[in-house]
Amino acid sequence: AAGLWTVFTLGGVGSKASTQLEQCSPLASQSLLLLLILFYFLISDNTAFSSSNPHAFQINFNSLYTALCEQQKSDQATLLLYMLLHQNSNVRTYVLARTDIENLV
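About the criteria used
Residues numbered from 1 in each chain as written. Predicted model: local features only at pLDDT ≥ 70, side-chain atom pairs only at ≥ 80, totals over all residues. Heavy atoms only, no water. Core = buried A, V, L, I, M, F, W, Y, C linked by side-chain atoms within 4.5 Å. Buried < 20%, exposed > 50% of the residue type's maximum accessible area, 1.4 Å probe, protein only. Helix = DSSP H or I, 4+ residues; strand = E, 2+ residues; numbered from the N terminus. Contact = heavy atoms within 4.5 Å. Polar contact = N/O pair within 3.5 Å; in protein donor to acceptor, adjacent residues only side chain to side chain. Patch = residues over 30% accessible without salt bridge, like charges linked within 9 Å, V, L, I, M, F, W, Y side chains within 5 Å. Areas by Shrake-Rupley, 256 points an atom, 1.4 Å probe, with all protein chains shown as cover. Salt bridge = Lys/Arg side-chain N within 4 Å of Asp/Glu carboxyl O. Phe/Tyr/Trp six-rings, centres within 6.5 Å; stacked < 30°, edge-to-face > 60°.

Here we look at the nonpolar core
Ranked by internal contacts, the top residues of the largest apolar core, which has 15 residues, are Leu-36, Leu-68, Leu-80, Leu-84, Val-95 and Leu-104. Taken together, the elements giving at least two residues each to this core come down to α3 (26-44), α4 (61-70), α5 (75-87) and α6 (89-97). Here this core takes 5 residues from α5, the largest share from any one element. Ignoring anything within four residues of it in the chain, the contact list for Leu-104 reads Tyr-65, Leu-68, Cys-69, Gln-72, Leu-81 and Val-95.

Structure follows, in structure tokens:
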């Protein structure tokens, strides 16, 4: 629980210097960390999210791709991209089909 609280509070007092994402948009940084936590629990416990409709929500891959390209200096964004590419074949197919993949690299 202490580790989870540290993630939510961005390390608290005395943590290392803030990243560019944290400085310009703390809400975006908190949201990214929450996505990483949810993604971790989704991978570790597939029974928690099992339902009759596996496609319960839709996401705009173009917006996600653009946001990830803009935030690749952030360790959290890079980790999210890594997890999405390795765990989601739809994201992997979309990224490989892009003609401007050099923006991501």
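Comments concerning the side chain of Ser-74
Here Ser-74 is to be found in the loop between α4 and α5. A distance of 2.8 Å separates polar atoms of two side chains, one belonging to Ser-74 and the other to Gln-76.

Considering a nonpolar patch on the surface
A cluster of nonpolar side chains, Leu-96, Ile-101 and Val-105, forms an exposed patch at the surface whose accessible area comes to about 340 Å². By the secondary structure assignment, Val-105 is in the segment after α6.

What to know about the pattern of salt bridges
It is possible for side chains of opposite charge to pair when their charged atoms get near one another. Under the criterion given, the structure shown has 1 salt bridge. Ionic pairing is found between Asp-100 and Arg-98, a salt bridge with its closest N-O pair at 2.9 Å.

Details of the packing of aromatic side chains
Under the definition given, this model contains 2 aromatic pairs. A ring pair is formed by Phe-61 and Tyr-94, whose centres lie 5.7 Å apart and whose planes are at 45°; its orientation type is tilted. One end of the pair, Phe-61, is in helix α4; the other, Tyr-94, is in helix α6, and 33 residues separate them in sequence. When the ring of Tyr-65 is compared with that of Tyr-94, the centres are 6.2 Å apart and the planes differ by 75°; the resulting orientation is edge-to-face. With Tyr-65 in helix α4 and Tyr-94 in helix α6, this pair connects stretches of sequence that are 29 residues apart. Residue classification places Tyr-65 among the buried residues on the basis of a relative accessible area of 4%. Among the residues examined, Tyr-94 registers a relative accessible area of 23% and is labelled partly exposed. A network of ring pairs unites the aromatic residues Phe-61, Tyr-65 and Tyr-94 as a single cluster.

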